[in-house]
Structures are given as C-alpha cells and as structure tokens.
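# Commentary on secondary and tertiary structure
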Amino acid sequence: MKEVHTDSEDNSTQVKRKRWNGNPRKDSISLNKIFSYSVSEHLNLSLLFEQLDFMIPSLTHKKIVSEVLCGTTNSGRSAFFFEFGVVVFWGFNDQDLSHLIQNIFFYCLRQESKEYEELEFGYSSKFRVSKDMIYLSGNKMMEKLAVSYAVAQSVQLGIHEDKIEATIKSTSHLQEELATKGRTTLSKTQITKKIGQLFLQRAQINLKGELLDTPDCFWDYEEWEGIYKQMRKYLDLHPRIEILNQRLGIIKELLSIFNEEFTKRHGHSLEWIVIVLIFIEVFIDLIWQVLLRDILKLNQV
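These lines cover the structure that appears in this document, whether it is placed above or below. (Residues numbered from 1 in each chain as written. Predicted model: local features only at pLDDT ≥ 70, side-chain atom pairs only at ≥ 80, totals over all residues. Heavy atoms only, no water.)

### Remarks on the overall build of the chain
Note the threshold: A run of H or I in DSSP becomes a helix once it reaches four residues, and a run of E becomes a strand once it reaches two; helices and strands are each numbered from the N terminus. Between buried and exposed lies partly exposed: a residue is buried under 20% and exposed over 50% of the maximum accessible area for its type, with that area taken using a 1.4 Å probe on protein chains only. The contact definition used throughout considers only heavy atoms, calling two residues in contact when any of these lie within 4.5 Å. Each accessible area value is a Shrake-Rupley result obtained with a 1.4 Å probe; residue values ignore everything except the protein chains displayed when judging cover.
A tally of regular secondary structure across the chain gives eight helices and eight strands. A buried classification covers 43% of the 301 residues belonging to the chain. Considering only intrachain contacts with a sequence separation of at least 6, the fraction spanning at least 24 residues in the chain is 68%. Carbon and sulfur atoms make up 56% of the accessible area of the chain, which totals about 17,000 Å².

As structure tokens, then:
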C-alpha cells in the first residue's frame, strides 16, 4: 500500500508507493478494491465511449462528465477513464482488470512509465477515509468520481515523482564533479538541454490543470467537491507537489552554476580572441609602416 503521511507525521519526505508489475495479485480476494493505473499520456474518451460496452459487457450506464468517461454496471462496479491517461476501477477482480487494461491498450499509446494506486472501499453513514480504506455514504457515481479524481491525480503525480527521481540519479555525478574538480565533463549544450528538461518537467507539474486546478465537473456538482478535497489532502498531493518543485529547484541551481561557468569561460575566450586580433592588427600595421613602406620608398628612388 502507499505510505501516507497524516496529520502528526512529517510531510517533508517523498510519499512512497507500491508499484504494480502488471501481474494479478494473489492477495486480491475482496472485490471491494479500487485499482488505479496510468496507461497512457492521453485517452480518447470519444473512442472509448463507443467501445465501452464491448470492454465491459455488464455495463448499464455510461456518460462523459467534463474530461472523464464514467461507466457503471448492474452489480455496482464502476470505471472511470480520465483524459490525462489514468483509469480507476471499483469492484473488479484481477482477471477482469487484466482483461480491461489489455483492451484499453488497443485504443491508446501505451505509456512507458507505470504507476499504480490500490485502496479498499466500503460503506458507512457518511464519507470518511482511514488507513487506505474509503467509506462511501452510498453507491453514488459522483461520490466515486470525487474519490477517483484525487486518486488519478495521485497516480499522475507519481509518474512525475519517478521522472524527477531518475533526473536526480542522472545528475548525482555532477555534484561530485563540482565538489572534487570544480567543473563538469558535460558540454554547454548538454547542460542547456538538461535545464530545458527541468523547465519542461516543472511546466507539466505546475501548468497542466489536471494536477493543480479543481476539476470543472465540481463546478456543476459542488456538493461533491468537499470529498474530492478531502481525498487530495489524504493523498498528500499539495505537499508532494511542493517537494517536487523544491527538488527541481535544487537541480536547476546546480546546472545553473555550471552554465554560468561555461558563460564565463566563453567570455574569457572572447577576450583572448579580441586581444589576439588586436595583436595581429598591430603587427600588420607595424610590418606595413616600418618595412614595406620603406622598401617601396627605396624602390621609388
């Protein structure tokens, strides 16, 4: 299960998650489970809407709410397909899940990074969440959607966490080079590319609305926004985003040091080029004034 930092726990460390390897879990006995997977960078909801009856034969109701395709069955199972490439399933067994995931890959470009969240759900007199257990107040689609939206965002954020973790590992040797040699073996072009990649990662986290903005559907269904925000808080979305931005900032600062060093070196090179050019100009002028002109005068005599 995903380790979650709650009220009294320290939120300064990265949230850890358990990763799904694509194989059925032997311990998944209960049908009251929520499975969420990252399958693609983008899902074509219109295409999936047409194929959903084939993918889930027991489907009784389907509709697109904002940027989410929602489907329910006569047995109370639910499926949510988010346009940003994450799917959330309620109450499906492992065999059905494997079949559904494979079918989805026919209609989208498979994502290399796989991220996964697993929770359990039950029912109570009012909504609450504790120890990865979701207690619903009823079998309402919008209540499940509010939970699913936060879970899907957590999965999406997990992908960025993995990417930034990989970036940290790929730049760890630069810190050692800076400490021991005071310079890096990377070229200015390589440093500039890495800085560009950092800006791209930060933009994907902070500028794309699927992670930061309140989903548009909760403007129309305000009564469910509180559940959505409660789930975001439980999954530590805001602290995790802040941690990612801090890590990106540290890496960018390191790369900026090297970039400034390259700029200084380039400036020094230009200064030497100017000095050499001035020297050449003076030398040519000297040759002309002292030697050639005197020779020409002699020839005239």
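### Quick notes on helix H7 (residues 225-234)
Residues spaced three or four apart along an α-helix point in a common direction, a consequence of the helix completing one turn every 3.6 residues. Taken residue by residue, H7 has Glu225, Ile227, Tyr228, Met231, Arg232 and Tyr234 as its buried positions. Asp236, located one to two residues past H7, shows a positive phi value of around 60 degrees.

### Topic: the packing of aromatic side chains
Put simply, the rule reads: Pairing of aromatic rings covers Phe, Tyr and the six-membered ring of Trp, with a centre-to-centre limit of 6.5 Å; geometry is then stacked below 30 degrees between planes, edge-to-face above 60, and tilted otherwise. Distance and angle both matter: a charge sits over a ring if NZ of Lys or CZ of Arg is within 6 Å of the ring centre and within 35 degrees of the ring normal.
Applying the stated criterion across every chain, the model contains twelve aromatic pairs. Ring centres of Phe35 and Tyr37 lie 6.3 Å apart, and the angle between their planes is 5 degrees; this geometry places the pair in the stacked category. Each member of the pair, Phe35 as well as Tyr37, is classed as buried. The rings of Phe82, Phe84, Tyr149, Phe218 and Tyr228 are connected pair by pair, giving a single aromatic cluster. The ring of Phe49 is capped by Lys62, whose NZ or CZ atom sits 4.3 Å from the centre of that ring. Between Arg128 and the ring centre of Tyr135, over which it is positioned, the NZ or CZ distance is 3.9 Å.

### Notes on helix H1 (residues 45-55)
Keep this limit in mind: Throughout, the arc means the angular range of directions from the helix axis out to the C-beta atoms. Polar contacts, as used here, are pairs of N or O atoms within 3.5 Å; protein pairs need one atom able to donate a hydrogen and one able to accept it. Residues neighboring in sequence count only if both atoms are side-chain atoms.
Looking at H1, one finds that the buried residues are Leu45, Leu48, Leu52 and Met55. Angular distribution of buried residues about the axis of H1 spans 75 degrees; they occupy a single face of the element. Away from its buried face by more than 90 degrees, H1 exposes Glu50 and Phe54. Buried positions along H1 lie against strand E2 (59-65), strand E3 (68-73), strand E4 (78-82) and helix H2 (94-104). At the N-terminal end of H1, a side-chain oxygen is found 3.2 Å from the backbone nitrogen of Ser46, two or three residues along, and the residue is Asn44.

### Topic: the sheet that holds E3
Keep this limit in mind: Whether two strands pair depends on DSSP finding at least two bridges between them. Comment: axis = line fitted to C-alpha atoms, over the contacting stretch for helices; angle = value between 0 and 180 degrees taken between N-to-C directions.
Strand order across the open sheet formed by eight strands is E2-E3-E4-E5-E1-E6-E8-E7, with mixed pairing between neighbours. Only two strands of the sheet have a single neighbouring strand rather than two, namely E2 and strand E7 (128-130). Adjacent strand axes in the sheet meet at a mean angle of 20 degrees when their direction is disregarded. Of the pairings in the sheet, the one linking strand E1 (residues 33-38) to strand E5 (residues 86-90) comprises five bridges and is antiparallel in character. Counterpart to Ser38 in the pairing with E5 is Val86. In the packing of H1 onto the sheet, the strands contacted are E2, E3 and E4, and the crossing angle to E2 comes to about 170 degrees. Of the strands in this sheet, strand E6 (116-123), E7 and strand E8 (133-136) are in contact with H7, which crosses E7 at around 10 degrees.

### Things to note about the pattern of salt bridges
This is how it is decided: Within this document, salt bridges are pairs made up of a side-chain nitrogen of Lys or Arg and a carboxyl oxygen of Asp or Glu, the two lying within 4 Å of each other.
In the structure shown here, the tally under the stated rule is seven salt bridges. Linking Asp53 and Lys62 is a salt bridge whose minimum nitrogen-to-oxygen distance equals 2.5 Å. Residues joined in a network through salt bridges with shared partners are Lys33, Glu118 and Glu120.

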